[in-house]
Amino acid sequence: MDKIVAEHLIEGGTPLPSADYASLHQIERKLLWLSSWMIHNANHIRPNRDGLKVGGHQASCASVVSIMTALYFHVLRPQDRVAVKPHAGPVLHAINYLFGRQSIDMMAGLRQVGGAQAYPSRVKDGDEIDFSTGSVGLGVAITSFAGLIQDYLRAHDMVPAERPASRHVAIAGDAELDEGNIYEALLEGWKHDVRDVWWVVDYNRQSLDSVMPDRLFGRFEGLFRDMGWNVMSLKYGKALEAAFRKPGGSALRAWIDDCPNSLYSALTFQGGAAWRQALLADLGRSRGARAIIDPLSDDALAVLMTNLAGHDLPTLIEAFAEAARTDQPTCFLAYTTKGSGLPFAGHKDNHSGLMNEEQMNAFRIAMGIREGHEWDRYEGIEHSDRLRHFVASVPFATPLTAAGRNLPAATVPVPTHLPHGTFAGRRMSTQGGFGELLAEIGRGDGDCADLARHIVTMSPDVTVSTSLGPWVNRRGVFDRHTRNDVFRDAKLASAQRWGMSPEGQHIELGIAEQNLFLLLAAAGLAAPLQGARLLPIGTVYDPFVNRGHDALVYGCYQDARFMLVATPSGITLAPEGGQHQSTNTPLLGMVQDRIAAYEPAYADEFAILFRHGFDWMQRPEGSSIWFRLSTRQIEQPARTLDAAAVIAGAHWITPPAEGARIAILYQGAVAPEAEAAFASLREDEPGAGLLAITSPDRLFADWRAAQTARRTGIPAQRAHIETLLDPLAPDAALVTVLDGHPSTHAWLGGVRGQRIHTLGPDHFGQSGDIPDLYRIYGIDEDAILNACAAALLG
Ligand SMILES: Cc1ncc(C[n+]2csc(CCOP(=O)(O)OP(=O)(O)O)c2C)c(N)n1
Ligand SMILES: [Mg+2]
């Protein structure tokens, strides 16, 4: 295992060394060149087989080159964790290339199989990427949650106390601030008093389609300040600031301050002559202003007028140094020009613009790069030995461990059986089973002590209603500051004991499901990012997974490991009705990569799966886990289960006779209806089988894998579902039922080419009780029997 290289880590508050601006300027040029060339190579040099534009964003990269130079080559410490705006991926690859952590092959393969990804990706690009980005807004917000998780780990002594804290930095596009999840995260961050978080906004006032409205941006400073953030508005560079100090300078400043974003962008694109004309039209009578403007050539005037702070290394570095003195979260609004230094600088349509061959050639010559030497690290650099030495001495150049930036984290042992009382004969729900099992683990007895210590729960204001209450009573609510439970202190009766302290193991969130998924993702990355494994469990009402779905996808996409308990679900939560009823979630669970979705019917199945989940989420080949549960109380059977079959996704309750003509397959809360229908069916079809499906997701994945294996030379490979369906006649009928969209099971007919009747609600939104709703939506005993009759008739 690789130990963290602790002696290279730098404490917060440590003053930055003085900057070597000559070297930093050389780096800035190099990054501008390499990122542009990487994209150019992919689009214009490499053979193109399908005629599709490869794409890439030279203007977005150019916009952020100075900011990333200042951060990566001066400010960041090895332990800092960074989310880079999606379209600056090539700049990040170029930086890693200079650090010796990226290969020419990967860069030359940008946006190709095996090459660098279009947008930074933890899973595909390797461990130099701290956070994946792509869906704008999410990469920014996760840094705040990663900050919260770091506080959690430190408060629980799960990371060495002497290890300096990481700062979590997002390098954000300004359009990312349009995403609502940013504001949800800000509110939540304020509640949890997050620290050591920086958001550096590349404030080019351009998004994909357009230039931003001017009035909007005045609002940001206030918004961030209200949420407890330090805001540093970095507008002008040193040259403009010096000009402003001259007589007439204040008129010039006022002119730029008042200049609409779109005009500023257009003038930037047009260049010096256009700047002169526009300035003189308004300031021609100001002698002071003329004294600044007139002596400058057109080119020099264009340089001065675009001397924004986001391209001015000294201004950036001074601001970062100032902010680094405290751990207050800080937002830097760094003004930039999109496409700065490239021919389309400032043009509103430049987002996906690419330099043509001629422009690229001129750019290459201007950068002093010989043809055939485009990838050379130090091509076109004067005193390259000095720069080489400089790059090697940069703090961030030190890898965190001998193997890279991902930290090793020990596996938490999972007991062979989770402790629980007797289920058989009781009426209980799967959600109730979850609450009981977790509360038992929460005792922290015996071989559960370690497991209990590593679990952290979280919920967006549905802690009690998803049965987390007993666990929270045992393990407490997390807060960096101890806060008493006022009701308890006043001896007012309440089932919930919610004292908050740094020892608590539940993180209570406001009702914002995206925050839940981002926090789950951040906690699920604690192992590689912090070297301490957490077993995060998040609870949410199943229908509202949809509300945070993109953030769920985001967490899975970067292989964060967590457990999602979505409950209650389906139309079975009956009187709740309306939008509380979920029908699409079983399908979401099936189609989502890197999460194993389960829907047990009984507590004994859940106990097996819950245990499996803790194990599976820690295995390299494992994934996150999703349990879709219910509040429907049903009588619990006394039986012995085949745990492997439950985990594989289905087990026979009553196996069919050899050659049987029919089987009923059920999933989840509709078990009693399926069992009742099955009892009637058996009177006519004594050989019929009854199958309990615990995971269509696992069954389907296994079936796909078996098909692939057979195609690729393992003819004997059989899927679990194939083995299960084997005894049935080849033309047998399958009647399936779940409280979810019936298409979840439709594929089962294809396994052996059998006839299939799938039952499940394809509409929702009606309040009622279970008998009425099951009748209306066609999943009651009668509906199942009718389907059996129809199926048998063929
Ligand atoms: C959620 C989401 N919606 C839309 C997009 C498509 N998209 C990619 S970048 C972008 C705008 C980028 O603007 P900004 O964040 O300001 O970046 P920059 O100007 O630095 O390129 C959009 C709409 C996306 N990646 N993610
Ligand atoms: Mg922008």
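Everything here concerns the structure above.
The sections below set out a description of the structure shown in this document. Here the structure is a predicted model, which means the values were calculated and not measured.

## Concerning the nonpolar core
And then number 1: In this structure, Trp-255 and Ile-507 are the most contacted members of the largest nonpolar core, which totals 90 residues.
And then number 2: For this core, the leading source of residues is helix H6 (residues 138–155), giving ten residues.
And then number 3: Excluding residues within four positions of it along the chain, Trp-255 makes contact with Leu-267, Trp-275, Ala-278, Leu-279, Asp-282, Leu-283 and Met-305.
And then number 4: Among the nonpolar cores identified, the runner-up in size contains 68 residues, and Leu-31, Phe-320, Ile-381 and Leu-387 belong to it.

## Things to note about the sheet that holds strand E19 (residues 733–738)
And then number 1: The mixed open sheet is built from five strands, whose spatial order is E16-E18-E17-E19-E20. Of all the strands in the sheet, just strand E16 (650–654) and strand E20 (755–759) have a single pairing partner and so form its edges. Pairwise comparison of adjacent strand axes, ignoring direction, gives a mean angle of 20 degrees for this sheet.
And then number 2: As paired elements, strand E17 (residues 662–667) and strand E18 (residues 689–693) share five bridges and run parallel to each other.

## Digging into the packing of aromatic side chains
And then number 1: Going through the model one piece at a time under the given rule, you end up with 28 aromatic pairs.
And then number 2: Ring geometry for Trp-33 versus Phe-363: centroids 5.6 Å apart, planes at 40 degrees, classification tilted. Of this pair, Trp-33 sits in helix H1 (residues 21–45) while Phe-363 sits in helix H16 (residues 357–366), and the two are 330 residues apart along the sequence.
And then number 3: Measuring from ring centre to ring centre gives 6.4 Å for Trp-255 and Trp-275, while their planes differ by 65 degrees; the resulting arrangement is edge-to-face. Remark: Trp-275 occurs in helix H12 (residues 272–283) and Trp-255 occurs in helix H10 (residues 249–258); sequence separation between them is 20 residues.
And then number 4: Given a relative accessible area of 0%, Trp-275 falls into the buried group.
And then number 5: Of the aromatic side chains, those joined through ring pairs into one cluster are Phe-434, Tyr-598, Phe-606, Phe-610, Phe-614 and Phe-627.
And then number 6: Its guanidinium or amino end placed over the ring of Tyr-119, Arg-111 lies 5.4 Å from that ring's centre, counting from NZ or CZ.
And then number 7: In this structure, Arg-167 packs its charged tip against the face of Trp-198, placed 4.2 Å from the ring centre.

## Let's talk about the coordination of the magnesium ion (ligand 2)
And then number 1: Of the protein atoms, only Asp-174 (OD), Asn-204 (OD1) and Gln-206 (O) coordinate the magnesium ion (ligand 2), at distances of 1.9 to 2.1 Å.
And then number 2: Each donor residue of the magnesium ion (ligand 2) lies on the same chain, and together they follow the pattern D-x29-N-x1-Q.
And then number 3: In this structure Asn-204 comes out as buried when scored by relative accessible area, which is 5%.

## Section: a nonpolar patch on the surface
And then number 1: A cluster of nonpolar side chains, namely Val-486, Phe-487 and Leu-492, defines an oily patch on the protein surface of about 320 Å² accessible area.
And then number 2: Inspection of the secondary structure puts Leu-492 in the loop between helix H21 (486–489) and strand E9 (500–501).
And then number 3: Judged by its relative accessible area of 47%, Leu-492 falls in the partly exposed class.

## Quick word on unusual backbone geometry
And then number 1: Cis geometry marks the peptide bond from Thr-567 to Pro-568; its omega dihedral reads -5 degrees.
And then number 2: Mapped onto the fold, Pro-568 is located in the loop between strand E12 (563–566) and helix H25 (585–591).
And then number 3: For Asp-196, which is not glycine, the phi torsion reads 55 degrees and is therefore positive.
And then number 4: Note that Asp-196 resides in the loop between helix H7 (180–191) and strand E3 (197–203).

## A word on the sheet that holds strand E1 (residues 81–84)
And then number 1: A sheet is described by the order of its strands in space; here five strands give the open sequence E1-E2-E3-E5-E4, paired in parallel fashion. Among the strands making up the open sheet, the edge pair consists of E1 and strand E4 (230–234). Across the sheet, the mean angle from the axis of one strand to that of its neighbour is 15 degrees, orientation sign disregarded.
And then number 2: Pairing of E4 with strand E5 (residues 330–335) involves five bridges; the strand directions are parallel. Bridge assignment links Asn-230 to a residue of E5, and that residue is Thr-330.
And then number 3: Sheet strands touched by H6: E1, strand E2 (168–173) and E3. Its angle to E2, the strand with the most contacts, is close to 170 degrees.

## Remarks on the site of ligand 1
And then number 1: Ser-60, Lys-85, His-87, Asp-174 and Lys-338 are the nearest of the 18 residues found near ligand 1.
And then number 2: Gln-206 places a main-chain nitrogen or oxygen 2.9 Å from an oxygen atom of ligand 1.
And then number 3: Burial of ligand 1 by the protein amounts to 74% of the accessible area it has alone, namely 590 Å².
And then number 4: The class makeup of the residues in the shell around ligand 1 is three nonpolar, nine polar and six charged.

## A closer look at the side chain of Ser-132
And then number 1: Relative to the helices and strands, Ser-132 resides in the loop between helix H5 (122–125) and H6.
And then number 2: Here the side chain of Ser-132 touches Arg-122 through a polar contact of 2.8 Å, landing on its backbone nitrogen.
And then number 3: Sequence-distant contacts of Ser-132, defined by excluding residues within four places in its chain, comprise Pro-120, Ser-121, Arg-122, Gly-139, Tyr-554, Tyr-557 and Gln-558.

## Focus: the pattern of salt bridges
It is possible for side chains bearing opposite charge to pair when their charged atoms get close.
And then number 1: Under the counting rule described, the total for this entry stands at 39 salt bridges.
And then number 2: Notably, a salt bridge pairs Arg-775 with Asp-772, separated by 2.6 Å at the nearest N-O pair. Highlighted residues: Arg-775 and Asp-772, both in helix H33 (residues 770–776), separated by three residues, approximately one helical turn.
And then number 3: When salt bridges that share partners are traced, they join Asp-151, Asp-193, Arg-195, Asp-327 and Arg-480 into one network.

Each value, and the rule that gives it
- Residues numbered from 1 in each chain as written.
- Chains lettered and ligands numbered in written order.
- Predicted model: local features only at pLDDT ≥ 70, side-chain atom pairs only at ≥ 80, totals over all residues.
- Heavy atoms only, no water.
- Core = buried A, V, L, I, M, F, W, Y, C linked by side-chain atoms within 4.5 Å.
- Buried < 20%, exposed > 50% of the residue type's maximum accessible area, 1.4 Å probe, protein only.
- Helix = DSSP H or I, 4+ residues; strand = E, 2+ residues; numbered from the N terminus.
- Contact = heavy atoms within 4.5 Å.
- Pairing = 2+ DSSP bridges.
- Axes fitted to C-alpha atoms, helices over the stretch in contact; angles between N-to-C directions.
- Phe/Tyr/Trp six-rings, centres within 6.5 Å; stacked < 30°, edge-to-face > 60°.
- Lys NZ or Arg CZ within 6 Å of the ring centre and 35° of its normal.
- Donors = N, O, S within 2.8 Å, 3.2 Å for Na, K, Ca; no water.
- Patch = residues over 30% accessible without salt bridge, like charges linked within 9 Å, V, L, I, M, F, W, Y side chains within 5 Å.
- Areas by Shrake-Rupley, 256 points an atom, 1.4 Å probe, with all protein chains shown as cover.
- Salt bridge = Lys/Arg side-chain N within 4 Å of Asp/Glu carboxyl O.
- Near = heavy atom within 4 Å.
- Polar contact = N/O pair within 3.5 Å; in protein donor to acceptor, adjacent residues only side chain to side chain.
- Nonpolar A, V, L, I, M, F, W, Y, C, P; charged D, E, K, R; others polar.

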